[in-house]
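# A closer look at the structure
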Amino acid sequence: MSAPDTVAGAAAALAAKECSSVELVRRALEAIEADPTLGAFVSVRAEAALAEADAADARRAAGDAGPLTGVPVAVKDLFCARGTRTTAGSRMLADWVAPYDAAVVERLRTAGAVLVGKTNLDEFAMGSSGENSHFGPTLNPWDRTRVPGGSSSGSAAAVAAGLVPGTLGTDTGGSIRQPAAFCGLTGVKPTYGRVSRWGMIAFASSLDQAGPLGHGAEDVALLLQAIAGFDERDSTSVEAPVDDYPAACGAPVEGLRVGIPEALLEQLDPAVAGAVAEVRAVLEDAGVRCVPVRLDHVEAGIGAYYVLAPAEASTNLSRFDGVRFGHRCADPASIDDLYRRSRAEGFGAEVKRRILTGTYALSAGYHDAYYRRAQRVRRRIRDAFAAAFSEVDAILTPTTPTAAFPLGEKTDDPVAMYLQDVFTIPANLAGIPGLSLPAGFAGALPLGAQLLGPHFAEARLLALAGAFQRATDHHRRRPGDAS
């Protein structure tokens, strides 16, 4: 039997005793070892993963198994994992071993999932292409001359290439949804506060959120079910009931109203427009009513984001100073020299760019002109979504303005790179959930469509995604299948 390449498929095969967790994990480890040039993994936990798989098989034999028991997964190398190197894709933390598990890693372990390894990412989650890692770029399994998206590049590539059935990433301005779109996957950015950020290395604390990537809605629902919920260790965690996400994937959608922000969708790439149109048509066939909706101010989202996120990064990354942990320069002449050279050597170009931008925005004389004004824009965007969701149940947009672009095409033009996030950033600024699902192809390259919902409406988005995926097969396509 070939190894199931979906979370739901692996869980079903284990429950039916068609395979063991040890067999699934061994196949995953062999696949990772056989494809080193993909750049999907920073660290692989071969010995530990096999031991965890053996324990999972024992749990199943004893009748003590949950939906994820024995399923191999990986997590973005922004999450701490006890006894495992945790690098954030940076030279600054290249050799740091975490002494504890992040909350989401704890919950995956409790659910019985087997952690195979840590996936590559743009350094400190700053990037939209997967090219900014200290450990080298990640490639797109659909076309290895193109980017997989970022910053959760390794998490997306690992699933698309069939190395593991599901992964966790983080999303600060689209870093789950954009690579999901570029790699033909389903990815969820939950509501801010839905999933604990404890043990996740911070980029922009008011925007960061952890979430799952998988092939279909059922895959991400199973992972989200395991990691969602209140955590008293995270001051931004929200104590609210957690829905039954796997059940939501099969829930009826007839009568739901989905808004189409037509003004935002003008001058789309024809292939992207066609993908959105297909999602609309399929949902309408399922009984959904698609209507125009107005979204004021969201076009200012990129400008606000690239003030607020760097400002928070400037503050969060100040802890990496060569004194307590992380990279330290050799033979510093003074404390100032220690700070300057440790940070100059430890951080890459994009991280330095954002620290400088954020420090400038927070400096005396510019705080009101930039940071405070960006916060006002953020509030207006949040209010615009609230107004829209008083009229509709969800909103449909593209995930990205184009399919995956060639490696190196935008590295010398940061603004062009930042514009890739035009459709994803508003959700982070508003704190609402977003889901990207495979929606077609531009030639041989996957395209994604995005569903946005009001706070804590993840189940509704999964219901809509499930309805679309029952009627289409885009999420079942694999690299090499597209024509």
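Overview of the structure. (Residues numbered from 1 in each chain as written. Predicted model: local features only at pLDDT ≥ 70, side-chain atom pairs only at ≥ 80, totals over all residues. Heavy atoms only, no water.)

Attention now goes to the overall build of the protein chain. When helices and strands are tallied, the protein chain shows 16 helices and 11 strands. Expected size for 483 residues packed as a compact globule is a radius of gyration near 23 Å; at 21 Å, the protein chain falls within 12% of this value. Counting only C-alpha atoms and orienting by the principal axes, one finds that the protein chain spans roughly 65 × 55 × 45 Å. The long-range fraction of contacts in the protein chain, counting pairs at least 24 apart against all pairs at least 6 apart in sequence, stands at 75%. Treating the 46 positive side-chain charges of the protein chain as one cloud and the 56 negative ones as another, the clouds have centres 4 Å apart. (Helix = DSSP H or I, 4+ residues; strand = E, 2+ residues; numbered from the N terminus. Rg over C-alpha atoms; globule rule 2.2 N^0.38 Å. Contact = heavy atoms within 4.5 Å. Lys, Arg positive; Asp, Glu negative; His and termini not counted. Charge placed at Lys NZ, Arg CZ, Asp CG, Glu CD.)

Time to look at the layout of surface pockets. Approximately 320 Å³ is the volume attributed to the largest pocket. Looking at the largest pocket, it is lined by 16 residues, and the ones nearest its centre are Tyr-100, Met-200, Ile-201, Ala-202 and Arg-319. Considered class by class, the residues forming the lining of the largest pocket number 10 nonpolar, 2 polar and 4 charged. In this model, the second largest pocket occupies a volume close to 270 Å³. Residue lining of the second largest pocket: 15 residues in total, with Gly-216, Ala-217, Glu-218, Gln-469 and His-475 positioned closest to the centre. Partitioned by chemical class, the residues of the lining of the second largest pocket number 3 nonpolar, 7 polar and 5 charged. (1 Å grid on protein atoms, 1.4 Å probe; cavity = no way out; pocket = protein on both sides within 12 Å on 5 of 7 lines; lining within 4 Å. Points joined across faces, edges and corners; volume = space filled by probe spheres on them. Nonpolar A, V, L, I, M, F, W, Y, C, P; charged D, E, K, R; others polar.)

So, about the environment of Pro-446. By the secondary structure assignment, Pro-446 is in strand 11 (residues 445-452). Overall, Pro-446 belongs to the buried group, its relative accessible area being 3%. Separated by 375 residues in sequence, Pro-446 and Val-71 place their C-alpha atoms 26 Å apart. Beyond its immediate sequence surroundings of up to four residues, Pro-446 is in contact with Trp-142, Ala-181, Phe-182, Cys-183, Gly-184, Ala-403, Gly-440 and Phe-441. (Buried < 20%, exposed > 50% of the residue type's maximum accessible area, 1.4 Å probe, protein only.)

What follows is about the nonpolar core. Judged by nonpolar contacts, the single largest core of 121 residues is most densely connected at Leu-108, Phe-124 and Phe-385. Looking at this core element by element, the count peaks at 9 residues for helix 10 (residues 301-316). The next biggest cluster of nonpolar side chains, apart from the first, holds 18 residues, and it includes Leu-38, Phe-41, Ala-49 and Val-116. (Core = buried A, V, L, I, M, F, W, Y, C linked by side-chain atoms within 4.5 Å.)

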